[in-house]
Amino acid sequence: MIIFYNPHVDDFLSGPLQFKLLRRRALKKYGFLITEAIQKGEQINICYDHTCSGLIPENIFRHLPNFIRFLFTFFEFRFWMKVNKLTKHINVVKFKDLDAKNHLLLAFSYKSATGLFSERVDLFHRCKAVIFHLSHYFISTKLKSYNISKIKNAFLAGDSDFTANPYFKKHFGWYEKEFLILPFAIEDRFKVSKEFLERKEKAIATGTFHDLTKEPKGWLYKDFIKATNLSTYHPIRKSIYMSASQLSETIDSKISYYRDYDAKNFSSVSKLFKVSQKSYFSIDIVDLYNDYQFAIIGEEVTGSPAIGALEAMACGCVVFVMPEFYSGYNLVEGRDYVSYDGSIEDLNRKIKGLAIKNAIEISKNGALAVQKSFSKSVMRDTWIARLNNLI
């Protein structure tokens, strides 16, 4: 049995209450794990505890008395189920019922590998295996690695196989078990609606990027900054953003900062919650991709691929990527995408040098590859199969 751990505290699977209150869009990057289960009439197994909250910041929550934490999470979890219309679909698995022979616990390291981690160790060890998905593992990386290393039945997973990534090897060099490739799925709305030759003969660049030197809670990013000497997770996005005017002949940029870092009267509290993605999300991204022959999204330097790259591919764009970030995807260089070395110079050269006949074929092949392997139903089955292999 696959059990989700504390899914109410972040937006990986559904909308946390914090996002509802702030009217912030929940990305639900892996939301298909819930929606597909509901569509098939299956129960969603969840185990939650009182070590984490989606409403109260961790630095406050950890100092609350146990009974208050217990009561708060009890009502928070139930309200989360109600708001997300999940009440009748969820089977709550209690601590005492966890089975070391048959239960797999799926946890997202973003919050499950930090905070009151020592209070979770007994729960984790009551399962056959705990799979820590490393989405956003660039935050407090050293702490997450240390904590997870103490869990003898822990397995690591990610959007792609980034075990060869230098940042991963620096912090998780101790890990020797199988690394599970558990990617995102692409929404059905991303599809081809315009013929390739009817599109602009240019590339569209999309996405947001951080300036970690201006982020609140700067200590969360010190491991990343120290290891990479970078101030952003997406250096190619930053390069395109900074050089947009010089690149206008070949690339139109919709890239923006993650936050409005220069806003006046921007308190430290509001910085934690306010992001500048509202205007980015207001773009009809499907129509935008269908207006262009080419696309560049830009991967995370810590190893994760860009979901936007596959979304653009599904819309028929010829996507330029660095292949090492898509390890394990069964996508073929030159057939499904065009590779480049991560530099603006090589990117420009590849865009200008691609023959139209080859571009049309790559456009068709890439869209078919995403449709075949990255739909929500297929990807949910992929996750289930790979996780069940551990039993």
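The structure under discussion appears in the preceding block.
What counts, and where the lines are drawn
Residues numbered from 1 in each chain as written. Predicted model: local features only at pLDDT ≥ 70, side-chain atom pairs only at ≥ 80, totals over all residues. Heavy atoms only, no water. Buried < 20%, exposed > 50% of the residue type's maximum accessible area, 1.4 Å probe, protein only. Helix = DSSP H or I, 4+ residues; strand = E, 2+ residues; numbered from the N terminus. Pairing = 2+ DSSP bridges. Axes fitted to C-alpha atoms, helices over the stretch in contact; angles between N-to-C directions. Left-handed = near helix turned anticlockwise from the far one by under 90°. Contact = heavy atoms within 4.5 Å. Salt bridge = Lys/Arg side-chain N within 4 Å of Asp/Glu carboxyl O. 1 Å grid on protein atoms, 1.4 Å probe; cavity = no way out; pocket = protein on both sides within 12 Å on 5 of 7 lines; lining within 4 Å. Points joined across faces, edges and corners; volume = space filled by probe spheres on them. Nonpolar A, V, L, I, M, F, W, Y, C, P; charged D, E, K, R; others polar.

Attention now goes to the pairing of strand β4 (residues 104-108). Where burial is concerned, most of β4 is hidden: five out of the five residues are buried. By the alternation rule, side chains of β4 split into L104, L106 and F108 and L105 and A107, which are all buried. In terms of strand pairing, strand β1 (residues 2-5) meets β4 through three bridges, oriented parallel. Paired with I3 across the two strands is L105, which belongs to β4. Two strands pair when backbone bridges link them, and β4 and strand β5 (residues 129-133) are joined in this way by five bridges, in the parallel orientation. Bridging across to β5, L106 finds its partner in I131.

What the five strands build is an open sheet, ordered β10-β8-β12-β13-β14; its pairing is parallel. If you trace the sheet from one side to the other, it starts and ends with β10 (251-253) and β14 (338-339), each paired once. The pairing of strand β8 (residues 200-205) with β10 spans three bridges and is parallel. In the sheet register, A205 faces β10, and the bridge partner there is S253.

Now for the sheet that holds strand β3 (residues 90-92). If you walk across this open sheet you meet the seven strands as β3-β2-β1-β4-β5-β6-β7, and the pairing is parallel. At either margin of the open sheet sits one strand with a lone partner, and together these are β3 and β7 (179-181). Each strand axis lies, on average, 35° off the axis of its neighbour in the sheet, ignoring direction.

Here the focus is the environment of K88. Looking at where K88 falls in the secondary structure, it is placed in the loop between α4 (66-83) and β3. As a C-alpha pair, K88 and K144 span 56 residues in sequence and 34 Å in three-dimensional space.

The contact between helix α14 (residues 307-314) and helix α16 (residues 356-373) brings their axes to 7 Å, and the two run at 115°. α16 is crossed by α14, and the crossing has left-handed handedness. On the side of α14, the interface is formed by L310, M313 and A314, while α16 contributes G366, A367 and V370.

So, about α14. In terms of burial, α14 is a largely internal element, seven of the eight residues being buried. Among the residues of α14, those classed as buried are G308, A309, L310, E311, A312, M313 and A314. Of the residues one or two after α14, G316 is the one with positive phi, at around 90°.

To continue, consider the pattern of salt bridges. Should the charged atoms of two oppositely charged side chains come close, the side chains can pair. The full count for this structure, using the stated rule, is 13 salt bridges. For D346, the salt bridge goes to R349, with nearest N and O atoms at 3.0 Å. Residue D346 and its partner R349 are both found in helix α15 (residues 344-353); the two are separated by three residues, about one turn of the helix. Take D346: its relative accessible area is 7%, and that puts it in the buried class.

Our focus in this paragraph is the layout of surface pockets. Space inside the second largest pocket adds up to approximately 330 Å³. Lining the second largest pocket are 16 residues, and of these Y48, D49, H50, F70 and F95 lie nearest its centre. For the lining of the second largest pocket, the elements supplying multiple residues, two or more each, are α4 and α6 (121-125). Grouping the constituent residues of the lining of the second largest pocket by class yields eight nonpolar, three polar and five charged.

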